[in-house]
Amino acid sequence: MEPVLRILSSMNLLSSAAVLALVSAIFLAAAGLWFSQRNILPFPPGPSPEPVLGHYRLISENAPFRQYARWSKEYKSDVLFFWTFGTKWVVLNSVAAAVELLEKRGLNYADRPRFVMFEEMGWGPTMTWLRWGSKYKLHRRALQPPFTRSRVGEYAGLQQREALRCCLGMLDRPDDWLGAVRRFAVAVVLKIAYGLDIDGPDSPWLKMAEDTSEAVGKSGAPASSIMDRFPPARYLPDWLPFMERLRYARAWRPAIEKITREPFEASLKAMSSGTGGESFVHTKMRTWAKNQQNGLASEFDLDDIQGAAATIVIAGNDTTAATLMLLVLYLMQNPLVQRRAQEEIDCVVGRDRLPTWSDLPGLQYVNLVLQETYRMNPLSPLGVPHASIADDVYRGMFIARGTIVYPNVWAMCHDETVYKDPFVFRPERYLPRDKGGDDEPLPVGNFGFGRRNCIGKHLAENGLLIVLSTLLATANIGWPLGEDGKPAPFEPEWSFRGQAIVLPFKASITSRSAESRALLEKKLAMMSATAQELGSQ
Ligand code: HEM
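The rules behind each value
- Residues numbered from 1 in each chain as written.
- Predicted model: local features only at pLDDT ≥ 70, side-chain atom pairs only at ≥ 80, totals over all residues.
- Heavy atoms only, no water.
- Core = buried A, V, L, I, M, F, W, Y, C linked by side-chain atoms within 4.5 Å.
- Buried < 20%, exposed > 50% of the residue type's maximum accessible area, 1.4 Å probe, protein only.
- Helix = DSSP H or I, 4+ residues; strand = E, 2+ residues; numbered from the N terminus.
- Contact = heavy atoms within 4.5 Å.
- Donors = N, O, S within 2.8 Å, 3.2 Å for Na, K, Ca; no water.
- Phe/Tyr/Trp six-rings, centres within 6.5 Å; stacked < 30°, edge-to-face > 60°.
- Lys NZ or Arg CZ within 6 Å of the ring centre and 35° of its normal.
- 1 Å grid on protein atoms, 1.4 Å probe; cavity = no way out; pocket = protein on both sides within 12 Å on 5 of 7 lines; lining within 4 Å.
- Points joined across faces, edges and corners; volume = space filled by probe spheres on them.
- Nonpolar A, V, L, I, M, F, W, Y, C, P; charged D, E, K, R; others polar.

Asker: Hey, could you go over the nonpolar core for me, with residue numbers and the actual values?
Answerer: With 135 residues, the main nonpolar core has Phe147, Met170, Trp177 and Tyr194 as its most contacted residues. Top contributing element to this core by residue count: helix 12 (residues 302–333), with 18 residues. Among all residues touching methionine 170, those that are not within four sequence positions of it are Trp177, Ala180, Val181, Val328, Leu471 and Ile509.

Here it is in structure tokens:
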């Protein structure tokens, strides 16, 4: 027996040793490959870091996208590398790099970094900030279908009615034209998400949405605060001089919690009393309630429904309002563009009716005005950052797993090798040469790249186009009048902390004609009556 045991144990030893040797070999090979890749392959270039802090102090909080674009030229590389406190990030300054990494190799770049500052601000399960994984996929599966190109037509009536109301509001109260724009943006997503209406300028939902825009719009580029770079910093006292963003996050926390909770509760209340229209919350709650009744677990629980509905409002309201502000600004600054777009509407639609849904594809120049607006000022100049899931090599440069990736959409949209006079607003640039254009490519990246691209693009674009074309058909937009009664041009103010937004400004907004105004009123009355009859959107 003893010899057998000895043989067995020696076999055990042998096989253990073999397994150990094999595991070690695999580990060494993998480590060797990683190290050899790292040693052989350089990280992308970039400015020299400081000891310990790396690039932390080198990146400006104001308009960092301009700095990255300058470095891209200086280091002759469309991909730049930075690090601080062990966090690595790369900035992609060309469409080619963004398409190759974020789209063609999209699965490897479908993650997001952890947004520690936003956690501190109190965001619940909001899809935009979720890491790649089962929770994220669950939210994308729930949120994407209602906003596909083929399904957004379901909101056409709602968007058109709100567009008419928006244009009438701008004409009636030109001093508060921004109020009408904000109302449009909130009304559409609030109805879709919760089935709730805005019942006047004092609606609490307007104030709530405005607070959230303020909180998000000026919170700095996502994942770039000291807490994001060095998470333990969130536990430091916020009175320290370099902790402004922690102070900011804590100050805005109540507003974020409010927008996540209150419309959801109001929607549930409306649902139980049988009021309010159909909505995302209604659909999801019905499934959840049915599962409860049948004793089944729900994959998408109450927290998820609440978080996903808030995502629609937060991601969809502010972005739409900010783009409409840009449209008003560029039309005011470019009267010839405005005239040409109005001529197109007069020619395609005529002056005895207003543009409708089916007219939009035929309004080529109006569509290009929107594209040029996207290009001139991408709202998220550094996108929403993605993060890499595994090590990668791009054109001989090493990109380690877990690297944060910022597409510099601003640099792509202002690349002089692609766009002639990139700082000039010229929608004609996209027209073919035989139609007097420069055949330049439409901008890409304003709605993101790859698997994390914006789910609301089609909804947003339809809404922007219907407001733009209705406004062009019914109003003239010009510089505000000075004390001498003459147009008084001015330089608008901007905020480049986080999103790139134009700050509120004055404009002169007047009716094109008594007839066009009457058309607005008549059509709004007609559409509101129909909506009331249908008791829905
Ligand atoms: C002009 C309007 C809009 C602009 C410029 C815009 C822009 C963006 C950008 C740049 C991203 C990041 C994409 C990426 O990481 O690659 C994004 C993501 C997102 N957008 Fe929009 N957006 C707009 C409107 C909307 C609307 C109306 C909705 C809601 C229906 C919406 C919902 C979302 C969501 C949920 C995400 C996160 C996607 C994900 O992480 O998988 N957006 N958007």
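Asker: Kindly report on the coordination of the iron atom of the ligand, identifying the contributing residues and their values.
Answerer: Within the protein, a single donor atom binds the iron atom of the ligand, namely Cys454 (SG) at 2.3 Å. Within the secondary structure layout, cysteine 454 lies in the loop between helix 15 (409–413) and helix 16 (457–474).

Asker: Break down the packing of aromatic side chains for me, citing the residues and quoting the values.
Answerer: Counting across every chain of the model gives 23 aromatic pairs. Centroid distance phenylalanine 65 to phenylalanine 496: 5.7 Å. Interplanar angle 75 degrees. Geometry classified as edge-to-face. With phenylalanine 65 in helix 2 (residues 64–74) and phenylalanine 496 in the loop between strand 8 (494–495) and strand 9 (501–502), the pair connects residues that are 431 residues apart, well separated along the chain. Ring geometry for tryptophan 132 versus tyrosine 136: centroids 5.5 Å apart, planes at 40 degrees, classification tilted. Three or more aromatic residues link up through ring pairs in this structure, and these residues are Phe65, Trp410, Phe423, Trp494 and Phe496. One Lys or Arg, arginine 375, reaches over the ring of tyrosine 419 and ends 5.2 Å from the middle of that ring. Geometry around tyrosine 136 places arginine 452 over its ring, the cationic atom sitting 3.7 Å from the centre.

Asker: So what about the side chain of glutamine 159? Which residues, and what values?
Answerer: By the element assignment, glutamine 159 lies in helix 6 (residues 156–172). In this structure, glutamine 159 is in contact with Phe184, Val188, Trp357, Leu459, Asn462, Gly463 and Ile466, ignoring residues within four places of it in sequence.

Asker: Break down empty space enclosed by the protein for me, citing the residues and quoting the values.
Answerer: Here the idea is plain: a probe the size of a water molecule rolls over the atoms and shows the empty space left. By the definition in use, this model includes two cavities of 30 Å³ or more. In terms of lining, the second largest cavity is formed by Val181, Leu324, Leu327, Val328, Val467, Leu468 and Leu471. Counting only elements with at least two residues in the lining of the second largest cavity, the list comes to helix 12 and helix 16. Looking at side-chain class alone, the lining of the second largest cavity contains seven nonpolar, no polar and no charged residues.

These figures capture arrangement, not role.
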